[in-house]
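The residues making up each chain are set out below.
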Amino acid sequence: MRTDSPAGNGPVSAARRRDVIDALRRGAVPENGLGLLATGLDRFESALDAELDAVVSGASVFKAVRGEYGSGKTFFARWLGERAKRRNLAVAEIQISETETPLHKLETVYRRLTERLTTSSFPPSALRPVVDAWFYVLEEDALADGATEENLPAQVEKLMTSRLSEVSRHAPSFATALRGYRAAVAAGDEATASAVMAWLGGQPHVAAAARRGAGVRGDLDHFGALGFLQGLLTVLHDSGQSGLLVVLDEVETLQRVRSDARDKALNALRQLIDEVHSGRFPGLYLLVTGTPAFFDGRQGVQRLAPLAQRLATDFTTDPRFDNPRAVQLRLPGFTQDSLIALGLTIRDLYASGSPVAERIREVADDGYVADLAKAVGGALGGKVGVAPRLFLKKLVGDVLDRIDQFEDFDPREHYALTVNASELTEVERNAAAVDSADSVELDLP
């Protein structure tokens, strides 16, 4: 394997390689470098890149991704996030959950969005750096228009009012809070500035004194959240970002909440889709991920007819002919062959950064990687679709690390795959269907 990226865009840096390997060793989806691992996603690239380019031009896009557990929905979302950042979009990935982030409470969704907001330059939360950059741009624009040092604050205020005019119609407190934040920064009052920024991010229970000083009251509610999102998009655009990709991951959790909360959440999703399509959020790409049961089952999307109509997509044809421009995409999941191919890619990526690269490729040869992939799939009841996480964790942490460190280690002789129930996710445990809570040992040839 070359140490170039899959698209041949240049060598893989040591830091990027390390980030990917470290994440796989923990059994996690890497935050970066996902293009190195992408298998089977090339057929989506053209359509998705066109949609991202449209967002950069000021359009708004909604997309739904469906796939069984283990099919790579979170991987897909982060892979798309990398492509979005290359176009200078900000990205926020939000895990929908009944207790932490209920979808029917959009104020909570907005709060998680600001907490997870990241750009190519700033890690989460990038909200304050983005706002600071926005005020810097306003000052530069005011100076370019002829403002002097004496009237600069007034000219910045005038520009801010102009650029937030549309937002102020729906969420006037957003602009008010920005003014309060700027005043606190100018006065050197860091405590108030931080509190007002937290309020702008949708955080509850901000000190009353800080809210009074900024001229705002109460906490953000469900209806104000959409207005704040609109304001955030304006600030992002004017501060140099091309747009915003928001990922609502694991929306299938809605099927497990109370019926009244589920109905409210489904209606909130329908409202979000309509707002995106209405053009209210220029520069927004909204992506949701869920299982087929969520999109097709009676406890999911089909429970709300208007939502089902908006998400309706034909999946009756051969998956080879799925339309990547449709509102829903179908992830096919892993086969035994694609799982082995991914393992070989990781083996070669690991070797490319090791001083004993040839030994790694020789001891963990193609045949051994295939045997390990089959053994992990067998330990999970033959359900290859849920095997990638565990397979890559075992390959990196149990096999490649040992070959790299111990010159006499041979996995065929010294290693037997052991799968403990404690290291499995709920889905993996269900697939394994092991009667005992103890481990299962499988000897590899």
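(A) Just the overall build of the protein chain, in detail. Counting its secondary structure elements, the protein chain contains 20 helices and seven strands. By the compact-globule yardstick of 22 Å for 445 residues, the protein chain fits well, its C-alpha radius of gyration being 25 Å. Contacts spanning at least 24 positions in sequence make up 71% of the contacts within the protein chain whose residues lie at least 6 apart. With an accessible surface of roughly 20,000 Å², the protein chain has 49% of that area assigned to carbon and sulfur atoms. Of the side-chain charges in the protein chain, 51 are positive and 62 negative, and the distance between the mean point of each set is 5 Å.

(B) Looking closely at the nonpolar core. Formed by 76 residues in total, the largest nonpolar core has its most connected members in Phe62, Leu113, Phe174, Leu178, Leu244, Leu248 and Leu311. Counting residues per element, this core draws most heavily on helix α11 (residues 222-238), at eight residues. Leucine 178 has contacts with Val131, Trp134, Phe135, Met160, Leu164, Leu200 and Val235, leaving out every residue within four places of it along the chain. Core analysis: the second largest hydrophobic core is formed by 68 residues, Leu24, Ala77, Leu287 and Leu339 among them.

(C) Quick peek at the confidence of the model for the protein chain. Of the residues in the protein chain, 94% have a pLDDT of 70 or more, and the chain-wide mean is 88. Scored below 50 in pLDDT, residues 1-9 shows 20 contacts in the model against residues more than four places distant or in partner chains. A low-confidence stretch, residues 434-440 (pLDDT under 50), is modelled with nine contacts involving residues beyond four sequence positions or located in other chains.

(D) Structural context of the packing of helix α4 (residues 106-116) against α11. Where α4 meets α11, the axes come as close as 7 Å, and the angle between the chain directions of the two elements is 30°. Put simply, α4 runs roughly parallel to α11. Taking contact as the criterion, the partners of Leu106, Glu107, Tyr110 and Leu113 in α4 are, on α11, His222, Ala225, Leu226, Phe228, Leu229 and Leu232. A per-class count over the contact of α4 with α11 returns eight nonpolar, one polar and one charged.

(E) Spotlight on the packing of aromatic side chains. Summed over the entire model, instances satisfying the criterion amount to eight aromatic pairs. Relative to phenylalanine 228, the ring of phenylalanine 174 lies with its centre 5.2 Å away and its plane at 80°, an arrangement referred to as edge-to-face. With a gap of 54 residues between them, phenylalanine 174 in helix α8 (residues 172-186) and phenylalanine 228 in helix α11 connect regions that are remote in the sequence. When the centroid spacing of 5.6 Å and the interplanar angle of 65° are considered together, the rings of tryptophan 199 and phenylalanine 228 count as edge-to-face. You can see tryptophan 199 sitting in helix α9 (residues 190-200) and its partner phenylalanine 228 sitting in helix α11, a full 29 residues away along the chain. In this structure, lysine 73 is placed above the aromatic ring of tyrosine 69, and the distance from its NZ or CZ to the ring centre is 5.5 Å.

Calculation notes
Residues numbered from 1 in each chain as written. Predicted model: local features only at pLDDT ≥ 70, side-chain atom pairs only at ≥ 80, totals over all residues. Heavy atoms only, no water. Helix = DSSP H or I, 4+ residues; strand = E, 2+ residues; numbered from the N terminus. Rg over C-alpha atoms; globule rule 2.2 N^0.38 Å. Contact = heavy atoms within 4.5 Å. Areas by Shrake-Rupley, 256 points an atom, 1.4 Å probe, with all protein chains shown as cover. Lys, Arg positive; Asp, Glu negative; His and termini not counted. Charge placed at Lys NZ, Arg CZ, Asp CG, Glu CD. Core = buried A, V, L, I, M, F, W, Y, C linked by side-chain atoms within 4.5 Å. Buried < 20%, exposed > 50% of the residue type's maximum accessible area, 1.4 Å probe, protein only. pLDDT = per-residue confidence, 0-100. Axes fitted to C-alpha atoms, helices over the stretch in contact; angles between N-to-C directions. Parallel < 35°, antiparallel > 145°, perpendicular 65-115°, else oblique. Nonpolar A, V, L, I, M, F, W, Y, C, P; charged D, E, K, R; others polar. Phe/Tyr/Trp six-rings, centres within 6.5 Å; stacked < 30°, edge-to-face > 60°. Lys NZ or Arg CZ within 6 Å of the ring centre and 35° of its normal.

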